[in-house]
Amino acid sequence: MECAKARSRLGLRAFGGVVALGLAPPLLSCATTLGPDGAECPVVAARGGARPVLSMEPGDICTLGAESAGRVDFAPAGAAAQYLAVVQSVGRTASARAGLRLEVRGRDAPPGTTPALARAPLPRPDPHLEDASRAELELRANIRRALAGARPLRAPRRDRPEPGESLAARRSAGLRPATGDTVTFHNVVNNDLTLDCTGVHDITAVVRAAGSHVAIAEDVVAAGAVSAEEYALAAETLDRAVLPVVTAYLGEPADLDDNGVVWVLFTPVVNRLTPRGSDTRILGFFSPSDLADSESCAASNRGELLYIVAADPAGRFSKAVPEEFVNGRALSVVAHELAHLVAAEGRIALGGGTFADLEDAWLSEALAHSVETSVGMSLGMLRPGQDYDFAALAGDPAVFDVYHFANFRRTAFHLANPGATPALGDDSGNDPGGISSLAMRGFGWLFLRWIADQYAPASGGLLGGPREEAIFRELAVGGDERRRGVDNIERVAAMSGAPAQWESLLEAYALVPLADDLPGWTAASTQLTSFQLRNTFAALHREQGREPFDREYPLLRTTIELSDTTRTRVEFDLRAATGRHFVFESAGPRASVQLGLRTQSGGTVPAGANVRLVVHRIR
């Protein structure tokens, strides 16, 4: 058992007796903390038939391994108490699974088999979302296959640009695009989602707006739906608000085509990728094929290019896309795809890697969605670390809808059944698609936001401060060895003063979805400091009222009374890096209550299952 004292909102509490063994147990004191301020306490093993006893004061946190959690008692209480608890998988691989059973019995519980509570429902698939998602996943798989063994381009300068260094300052003799120019791009994506890297299928486009660092081109096939003024406004926003944030957080584009800009191409190539009858659609993509050498991928555009769905009010190419899209949702799509592009170039063109060094799907998407949030905060004149409520986040409703809403929606799908979330991707580590993909992205986005909030206090910098920006830049490139996924997180955690082991970092994070913004002696390590989860979800519930905002707070949690007559059993499954959340409450005095964590068949949870029980007394 690992025990800890917690730094609460009301100050640092002295640690009460947390662990007791046997009938006449000695009380063990802890000299360190769990969470941002310190390391783990010593591990205490039960002796013989004795079992650990949780004798906790408000503010205390304890982490128990699978062996200790197999049979543990809540100590007798003389007054009301409330505990938050998480049974957590700290697995490192996407294929890790744990089928578990948690039993709770009071001293006077009636004999017999403990009744089981209803199992948590799995996320309900949306057929329209699944159709669009299948198309996107097929496209990504085809891109990976086409680039297997392809030779990447290298940037003219091998060293990574300094944060804030401009493209224009590094441009040599390249020609800048000008409004009205006709440009030819190569398209590698066929309508059937296959990738043709050997053939060249040209897209003729006209430059509709040329900013300082971004140039917008419109496929001539889709011309006429959007005015020059609308494109100019989009380019101005991208130049002023999007690219500077991406640059600060992830680094500069490499400018492989030496023209000083990133191309944003609005083209029906993207529209046609989504089935016409779908309620959702693929909004855009970045293709790593454009970072390949032409000799190994003839259709490479050899530069920075983002493909975005074209405005199509009449629905000529697929489902209709209103012209307002260009200065609405399209801007967050550009931020997201630009994040993928810059991160890929940091690993490949600037970092000397290959296409096999691209980040794992879950962390790649978490980084890109985090950039959306940072852009939205910048546009809303907000800074990380200020614990904003919904009213502040949605002070500009248009900014909230474009940059924030989708991330809270994804997180709501994750919280609705955390244990079912493929947090590290499908069993192969790839994007699982559909609602499962939304849940994966919600987990990653929330996890990274907590890491930045806890280990990178905001000060200076463009938005969150240099320490926060450094966390995201380091994650984007993966260091000299271009590490990925869990290994990458551990590397950056160690650099940032966070627990350097994946298992310890997850334990420190475990209570966040349950404890954020709750009253009581909640530890600082359990809190987000940039925004209030409960307040924001409650507001979205009032406004939306439908899945995934059909509850005031979407987190699946089970409340169990601690009393002399309690007798209940909860069975659940956990995927890697997920947890099942519980609230244990006693209304008044009670004897000890026994808790047991077992496999679903009643056996001992093996140590190799990488399961923890984290308990936090808040009242």
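Bear in mind that the values here come from a model prediction, so they are computed numbers and not experimental data.

A. A look at the overall build of the protein. Helix and strand counts for the protein come out as 15 helices and 20 strands. Taken across its 619 residues, the protein has 60% of its residues classed as buried. Of the contacts formed within the protein by residues at least 6 apart in sequence, a portion of 77% connects residues at least 24 apart. With the model as given, the accessible surface of the protein reaches about 22,800 Å², and the carbon-plus-sulfur share is 50%.

B. Representation of the confidence of the model for the protein. Averaged over all residues, the pLDDT of the protein equals 86, while 85% of them reach at least 70. Within the model, pLDDT remains below 50 along residues 1-49, and this stretch shows 122 contacts once partners closer than five positions in the same chain are excluded. Confidence drops under pLDDT 50 across residues 164-174; counting only partners more than four residues distant or on other chains, this segment forms 29 contacts.

C. Geometry of the state of the cysteines. Counted under the stated rule, the structure contains one disulfide. The disulfide bridge from Cys 197 ends at Cys 297, spanning 1.7 Å between sulfur atoms. Taking the sign of the S-S torsion, about -110° here, the bridge from Cys 197 to Cys 297 comes out left-handed. Of the two residues, Cys 197 is situated in the loop between β10 (182-187) and β11 (201-210) and Cys 297 in the loop between β14 (284-285) and β15 (305-309); the sequence distance between them amounts to 100 residues.

D. Summary view of empty space enclosed by the protein. What the rule picks out here adds up to seven cavities of 30 Å³ or more. Here the largest cavity defines a volume of roughly 90 Å³. For the largest cavity, the full set of lining residues is Val 86, Gln 88, His 414, Pro 418, Phe 443, Tyr 509, Ala 510, Pro 513, Ala 577, Thr 578, Gly 579 and His 581. Every element with two or more residues in the lining of the largest cavity is listed here: β8 (81-89) and β18 (579-586). Partitioning the lining of the largest cavity into residue classes produces seven nonpolar, five polar and no charged.

E. The sheet that holds strand β13 (residues 262-267), seen in detail. Read from one edge to the other, the open sheet built from six strands follows the order β10-β11-β12-β13-β15-β14, with strand pairing classed as mixed. Where the open sheet ends on each side, the last strands, each with one partner, are β10 and β14. In the sheet, β10 pairs with β11 via six bridges, with the strands oriented antiparallel. Bridge pairing in β11 places His 186 opposite Asp 202.

F. Inspection of the layout of surface pockets at higher detail. If you add up the space inside the second largest pocket, you get close to 920 Å³. Of all the secondary-structure elements, those providing two or more residues to the lining of the second largest pocket are α2 (127-147), β14, α6 (329-347) and α7 (361-379). With seven residues, α2 is the largest single contributor of residues to the lining of the second largest pocket. In the lining of the second largest pocket, the residues fall into 20 nonpolar, six polar and 11 charged.

G. Spotlight on unusual backbone geometry. For the bond running from Glu 547 to Pro 548, omega is 5°, close enough to zero to count as cis. Within the secondary structure, Pro 548 sits in the loop between α15 (533-543) and β16 (557-561). Phi at Asp 387 is positive, roughly 50°, even though this residue is not glycine. Structurally, the position occupied by Asp 387 is in the loop between α7 and α8 (390-393). Backbone geometry at Ala 577 places phi at a positive 70°, although glycine is not the residue there. Exposure remark for Ala 577: the relative accessible area of 6% places this residue in the buried category.

H. Examining the environment of His 336 more closely. As for its position among the elements, His 336 is in helix α6. Among the residues examined, His 336 registers a relative accessible area of 7% and is labelled buried. Separated by 29 residues in the primary sequence, His 336 and Glu 365 have C-alpha atoms spaced 8.4 Å apart. If we skip the residues at most four places from it in the chain, His 336 touches Glu 365, Ala 368, His 369, Glu 372 and Arg 441. Reaching out from His 336, the side chain makes a polar contact with the side chain of His 340 at a distance of 3.0 Å. Separated by 3.0 Å, the side chains of His 336 and Glu 365 make a polar contact.

I. The arrangement of the pairing of β16 in detail. Here β16 shows one buried face, formed by Thr 558 and Ile 560, and one open face, formed by Arg 557, Thr 559 and Glu 561. Bridging between β16 and β18 involves five bridges; their strand directions are parallel. In the strand pairing of β18, Thr 558 is matched with Phe 582.

J. Local environment of the packing of helix α10 (residues 434-455) against helix α13 (residues 502-509). Two numbers describe how α10 lies on α13: the axes approach to 11 Å, and their chain directions differ by 90°. By the criterion of interaxial angle, the relationship of α10 to α13 is roughly perpendicular. Mapping the contact onto sequence places Phe 443, Leu 446, Phe 447, Trp 450, Ile 451 and Tyr 455 in α10 and Trp 502, Leu 505, Leu 506, Ala 508 and Tyr 509 in α13. Split into classes, the residues belonging to the contact of α10 with α13 amount to 11 nonpolar, no polar and no charged.

K. Examining helix α12 (residues 485-496) more closely. When the terminal C-alpha atoms of α12 are compared, their 17 Å separation across 12 residues agrees well with the 16 Å that a helix rising 1.5 Å per residue should span. Taken together, the buried residues of α12 touch α6, α7, α10, α11 (466-477) and α13. Positive backbone phi, approximately 85°, marks Gly 497, located one or two places after α12.

L. Summary view of the nonpolar core. Ranked by internal contacts, the top residues of the largest apolar core, which has 151 residues, are Phe 447 and Trp 450. Setting aside chain neighbours within four positions, we find Trp 450 in contact with Tyr 455, Leu 505, Ala 508, Tyr 509, Val 512, Ser 525, Gln 527 and Leu 528. Judged by nonpolar contacts, the second largest core, of 31 residues, contains Leu 102, Val 104, Phe 584 and Val 611.

M. How the structure looks around the pattern of salt bridges. The final tally for this structure, using the stated rule, is 28 salt bridges. Notably, a salt bridge pairs Asp 487 with Arg 92, separated by 3.4 Å at the nearest N-O pair. With Asp 487 in helix α12 and Arg 92 in the loop between β8 and β9 (97-106), the pair connects residues that are 395 residues apart, well separated along the chain. By relative accessible area, which is 40% here, Asp 487 ends up partly exposed.

Basis of the calculations
Residues numbered from 1 in each chain as written. Predicted model: local features only at pLDDT ≥ 70, side-chain atom pairs only at ≥ 80, totals over all residues. Heavy atoms only, no water. Helix = DSSP H or I, 4+ residues; strand = E, 2+ residues; numbered from the N terminus. Buried < 20%, exposed > 50% of the residue type's maximum accessible area, 1.4 Å probe, protein only. Contact = heavy atoms within 4.5 Å. Areas by Shrake-Rupley, 256 points an atom, 1.4 Å probe, with all protein chains shown as cover. pLDDT = per-residue confidence, 0-100. Disulfide = S-S within 2.5 Å. 1 Å grid on protein atoms, 1.4 Å probe; cavity = no way out; pocket = protein on both sides within 12 Å on 5 of 7 lines; lining within 4 Å. Points joined across faces, edges and corners; volume = space filled by probe spheres on them. Nonpolar A, V, L, I, M, F, W, Y, C, P; charged D, E, K, R; others polar. Pairing = 2+ DSSP bridges. Polar contact = N/O pair within 3.5 Å; in protein donor to acceptor, adjacent residues only side chain to side chain. Axes fitted to C-alpha atoms, helices over the stretch in contact; angles between N-to-C directions. Parallel < 35°, antiparallel > 145°, perpendicular 65-115°, else oblique. Expected span 1.5 Å × (residues − 1). Core = buried A, V, L, I, M, F, W, Y, C linked by side-chain atoms within 4.5 Å. Salt bridge = Lys/Arg side-chain N within 4 Å of Asp/Glu carboxyl O.

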